[in-house]
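One letter stands for each residue in the lines below.
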Amino acid sequence: MCEVIFIELIRINDVVDNYGISSRTLRYYEQVGILRSVHPENKAQRYYDETALDRLKQIIVLRKFQIPIKDIIAVFKDDNMTSLIQTFMDKLNSLDNEISALTELRRIIDDFLHKMMINGIKKISAITLLYEETEKRLVQVPDDENLTFEQLSQASRKVLKLHDVRIIRLMPSRMLTSQYKSGGIAALDADKMQNLFAEYDFIPQPGLRNCFYRKETDDEWIMMIKIPDDYENNTPYTDEEFTGGLFAVASSFMEDMDDTFILLKDWIAKSGDFEIDTNVNEDGIFLRKEMIEEILPYDIAEKLNRYQQDIFIPVKNK
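Each value, and the rule that gives it
Residues numbered from 1 in each chain as written. Predicted model: local features only at pLDDT ≥ 70, side-chain atom pairs only at ≥ 80, totals over all residues. Heavy atoms only, no water. Helix = DSSP H or I, 4+ residues; strand = E, 2+ residues; numbered from the N terminus. Buried < 20%, exposed > 50% of the residue type's maximum accessible area, 1.4 Å probe, protein only. pLDDT = per-residue confidence, 0-100. Contact = heavy atoms within 4.5 Å. Pairing = 2+ DSSP bridges. Arc of directions from axis to C-beta. Core = buried A, V, L, I, M, F, W, Y, C linked by side-chain atoms within 4.5 Å.

Draft legend 1. Structural detail: unusual backbone geometry. Its identity is not glycine, yet Gln 66 carries a phi of approximately 65°, on the positive side. Position of Gln 66 among the secondary structure elements: in the loop between helix 3 (50-64) and helix 4 (69-77). Exposure remark for Gln 66: the relative accessible area of 14% places this residue in the buried category. Positive phi, normally seen in glycine, also occurs at Arg 209, with a value near 60°. Looking at where Arg 209 falls in the secondary structure, it is placed in the loop between helix 8 (190-195) and strand 5 (211-215).

As structure tokens, this is what we get:
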């Protein structure tokens, strides 16, 4: 008698909720070959089995350690611990170099501060505060303190940092979307990202603000590409009026996207000039939503196996 084995599958929405990782990032992990999902018949969503979830946990931890995706790929291709050990050794060397540079910078600032004191400068309250803050940052975590996953996540984001936050204004425009007129959304696999609308002569141009991916309800993402205002839409896809407006923008590689969204929201929260635009329509749906734009040309991204985006969060003046 044949034994029937039932394999429990977890749908992608539950994975997104339980692991704090976006469906966009999950698709990226599948795209580079380090994660697999299944798509059962008569099911609209992708699902993950226990093996895939174990792999996802490993990926999340390695990313929190700031291990690059290219190194994670090498780790999973190796049957023994050689690649993993080498990856952590390389990371330790990188951290040692960064610590050495920061220690030298601290020494220079410390010397500068003492010289100012010796030279009799009276009003140095700001520099004293800088000195005290530097001391705080150099205090090591007590040996008996347990490192939690949330602490690891916070430390990872501190290392990541934000660079070059910009406030830009996007102009209103008409957009063709990846939503079908008949319902549902086109699957945004890697090849479709650049070819979805090609037969209608609309080609994404990374970095030129003509194509975006917008985060919808339940962490669904739709693709939007700019079309002429007088375009007669005979495609199977819906079109809409994009309202534009102010956005806070920061750059990120795909593997850092989720953490960069968190960091950018923190930046906005601390801003004295802007706040997140949370205006909704009569159905309670946000009028403007988070978006990303590919900024690295596709051929270069595929060659480097790294995908870089600008992250957009809608803001308004305080």
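We are not done yet, so read on.
Draft legend 2. Spotlight on the confidence of the model for the protein chain. Scored by pLDDT, the protein chain has a mean of 82; 82% of the residues are at 70 or more. Under a pLDDT of 50 for its full length, residues 1-6 has, in the predicted model, zero contacts with residues more than four places off or in other chains.

Draft legend 3. Here's a closer look at the pairing of strand 8 (residues 245-253). By the criterion of burial, strand 8 is predominantly enclosed, with seven of the nine residues buried. Looking at chain direction, strand 8 and strand 11 (residues 308-317) are connected through seven bridges and run antiparallel. Opposite Val 249, over in strand 11, you have Phe 312 as the bridge partner.

Draft legend 4. Region of interest: helix 4. Those residues of helix 4 lying buried are Ile 69, Ile 72, Ile 73 and Val 75. The arc that holds every buried residue of helix 4, seen down its axis, measures 160°, which confines them to one face. Pointing more than 90 degrees away from the buried face of helix 4 are the exposed residues Lys 70 and Lys 77.

Draft legend 5. Representation of the pairing of strand 6 (residues 221-227). Counting buried positions along strand 6 yields six of seven residues, so the element is predominantly enclosed. As paired strands, strand 4 (residues 173-180) and strand 6 are joined by four bridges and run antiparallel to one another. Of the residues in strand 6, the one forming a bridge with Met 175 is Lys 226. Sheet topology note: the strand 5/strand 6 ladder contains five bridges and is antiparallel. Within the sheet, the bridge partner assigned to Lys 215 lies in strand 6 and is Trp 221. Taking the residues between adjacent antiparallel strands as the criterion, strand 5 and strand 6 are bridged by five residues, where Asp 218 takes a positive phi near 60°.

Draft legend 6. Structural detail: the nonpolar core. Within the largest apolar cluster, 51 residues are counted, with the highest numbers of intra-cluster contacts made by Leu 26 and Tyr 29. By residue number, the principal contributor to this core is helix 3, which donates six residues. Beyond its immediate sequence surroundings of up to four residues, Tyr 29 is in contact with Ile 21, Ile 34, Leu 35, Leu 56, Ile 59, Arg 63, Ile 69 and Glu 255. Ranked by size, the runner-up nonpolar core spans eleven residues in total, among them Ile 168, Phe 212, Phe 242 and Val 249.

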